[in-house]
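Chain residues, written in single-letter form:
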Amino acid sequence: MKTPENIGFVSTRFAGTDGVSLEAAKWAEVLWQDQHVSYWYGGVLDRDPEMSLCVPEAFFGHSENRWINERLWDRTSRGQEASRRIRELAEYLKGTLYEYRERFELDILILQNVLTIPMHIPLGVAVTEFLLETRMPAIAHHHDFHWERQRFQISAVGDYLEMAFPPRIPHLQHVVINQAAKDQLGWRKGISSLLIPNVLDYENPPDPIDDYAADVREEIGLAPGDLLILQPTRVIPRKGIEHAIHLLRRIEDSRCKLVVSHAAGDEGLIYCKELCALARDEKVELILFEARVADRRQLNEDGRKIYVLKDLYPHADLVTFPSLYEGFGNALLEAIYFRKPLVIGNYSVYSRDIVPKGISLPTVKGFIDRDLVEETRRILEDPDYREQLVEHNYRVAERYFSYRVLRNSLRLIIANIRNLTE
């Protein structure tokens, strides 16, 4: 066994159920299996305080960073004051990174999306300068680059994007989650990278429904004969939830109830209103269950149970995930993990990275066609066919998207990363 390393995870936030926080937790779990110890740095944290350094200014929602961002995007020039405050905040945050390294005697940093999507320019600059000054070995785990998001296309920070999102540093190992990102990173930045897909622990199937989650269907408001059609996402336009509504209308089964697990947020408030109107017009029962789902089990102010997403999956009769765009698509892996049939959108990462592995799912290819409707009906009505489908997908996912895949990749990186500083 190699000598265990002290590994420092760095991001703007490690809390809740966003994709970066979830994948970072999986990486830490796999690293722990090889006795590596993980520590956490961010502006908002729900990790063990004894293993963490919380720096509020590192959060993308901190007031100073919001002030800066308001003066950087959708414009082509920035003022002197914005430049000064970027540098001042970056210098402060760089000092906290030095403190982080010393407090926990860190050997390696794992930078989770902080050098990828420019939601916090000063933190990206601070991390880049810290790596250049210390030559500390590091891994940059990239989830979504700025060139993949429309809102970052016009900016007054082209200099910082070139410098730090991501930077070209010899002792920095880049990791991406899909082939398109690997290609674009090479083409745009001349940077080579490793592809490590998102994963789940398929070697250890989920536990049976426990007493806490046994009443989920009743709490949602379903009758005994109803079918729970789970949309396990936020209500935002790129999730394509209107396709799920159109699909259920064409199936014409009043037992089907479309349950959306997470809230809209600012990005989807108008979209949410339009979805509710569409569902009424299409005579599809749409249930927004976001008030009863959070990142941990608890009781609300009325003493009612708050559930986590994994409490809902076992009760689902079908999962819909008709997304238009995903960096990878955790809901896909989760539905397969819970052995649930899934209707999926034909987003590019699914068609390019996942389908060739052998995953077989009914797919929305731009619109709801007759074949998709009939396939979905068969899944709902034929238990033998449904079982055959979910078991096939589980075995494929176990081979290509399991913790074993991640473990082998991280062992290779950890074994080689010291050479990057020599």
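Residues numbered from 1 in each chain as written. Predicted model: local features only at pLDDT ≥ 70, side-chain atom pairs only at ≥ 80, totals over all residues. Heavy atoms only, no water.

**Q** How should I be thinking about the sheet that holds strand β5 (residues 52-54) in this particular structure?
**A** Within a sheet, neighbouring strands are paired by backbone hydrogen bonds and run either parallel or antiparallel to one another. Strand order across the open sheet formed by 7 strands is β5-β3-β1-β6-β7-β8-β9, with parallel pairing between neighbours. Single-partner strands in this sheet number two, and they are β5 and β9 (194-195). Lying on the sheet, helix α4 (residues 121-134) is in contact with β1 (6-10), β3 (37-42), β6 (108-112), β7 (138-141) and β8 (172-176); it crosses β6 at an angle near 155 degrees. (Pairing = 2+ DSSP bridges. Helix = DSSP H or I, 4+ residues; strand = E, 2+ residues; numbered from the N terminus. Contact = heavy atoms within 4.5 Å. Axes fitted to C-alpha atoms, helices over the stretch in contact; angles between N-to-C directions.)

**Q** Even after reading the chapter, I still don't get the packing of aromatic side chains, so can you show me in this structure?
**A** Within a pair of aromatic rings, the relevant descriptors are the distance that separates the centres and the angle that separates the planes. Per the stated rule, a full pass over the model turns up 20 aromatic pairs. A ring pair is formed by F59 and F60, whose centres lie 4.5 Å apart and whose planes are at 45 degrees; its orientation type is tilted. Ring centres of Y202 and Y337 lie 5.7 Å apart, and the angle between their planes is 75 degrees; on these two criteria the pair is classed as edge-to-face. Here the residue Y202 occupies a position in the loop between β9 and α7 (216-220), and Y337 occupies one in helix α11 (residues 330-337), the gap between them amounting to 135 residues. The same class applies to Y202 as to Y337, namely buried. Every member of this aromatic cluster is reached through a ring pair, and the members are Y202, Y313, Y337, F338 and Y394. Stacked on the ring of W40, the Lys or Arg R47 has its end atom at 4.5 Å from the ring centre. For K357, the ring lying beneath its charged end belongs to Y400, and the centroid distance is 5.8 Å. (Phe/Tyr/Trp six-rings, centres within 6.5 Å; stacked < 30°, edge-to-face > 60°. Buried < 20%, exposed > 50% of the residue type's maximum accessible area, 1.4 Å probe, protein only. Lys NZ or Arg CZ within 6 Å of the ring centre and 35° of its normal.)

**Q** For this particular structure, what's the right way to read the packing of helix α1 (residues 19-33) against helix α15 (residues 403-417)?
**A** When two helices pack together, you describe them by how their axes are tilted relative to each other and by the distance separating the axes. Their axes nearest at 10 Å, the elements α1 and α15 cross at an angle of 70 degrees. For the element pair α1 / α15, the angle class is roughly perpendicular. By crossing handedness, the relation of α1 to α15 is classed as right-handed. Together, K26, W27, E29, V30, L31 and Q33 of α1 and Y403, L406, R407 and L410 of α15 make up the contact between the two elements. Residues belonging to the contact of α1 with α15 are distributed by class as follows: 6 nonpolar, 1 polar and 3 charged. (Parallel < 35°, antiparallel > 145°, perpendicular 65-115°, else oblique. Left-handed = near helix turned anticlockwise from the far one by under 90°. Nonpolar A, V, L, I, M, F, W, Y, C, P; charged D, E, K, R; others polar.)

**Q** Please clarify how the packing of helix α8 (residues 241-251) against helix α9 (residues 269-282) should be interpreted in this entry.
**A** Remark: α8 packs on α9, axes separated minimally by 10 Å, with the N-to-C direction vectors making an angle of 5 degrees. Between α8 and α9, the interaxial angle falls into the category roughly parallel. Contacts from I241, E242, I245, H246 and R249 of α8 reach α9 at Y271, L275, L278, A279 and E282. Tallied by class, residues from the contact of α8 with α9 come to 6 nonpolar, 1 polar and 3 charged.

**Q** I tried to follow unusual backbone geometry on my own but got confused; where do I start?
**A** Across residues other than glycine, the phi torsion is negative in most instances, and most of the peptide bonds are trans. Following F165, the chain continues into P166 via a peptide bond in cis, with omega recorded as -15 degrees. Along the chain, P166 turns up in the loop between α5 (158-164) and β8. Its identity is not glycine, yet R339 carries a phi of approximately 55 degrees, on the positive side. The residue R339 is located in the loop between α11 and β16 (342-345) in this model. R339 sits in the partly exposed class, given a relative accessible area of 25%.

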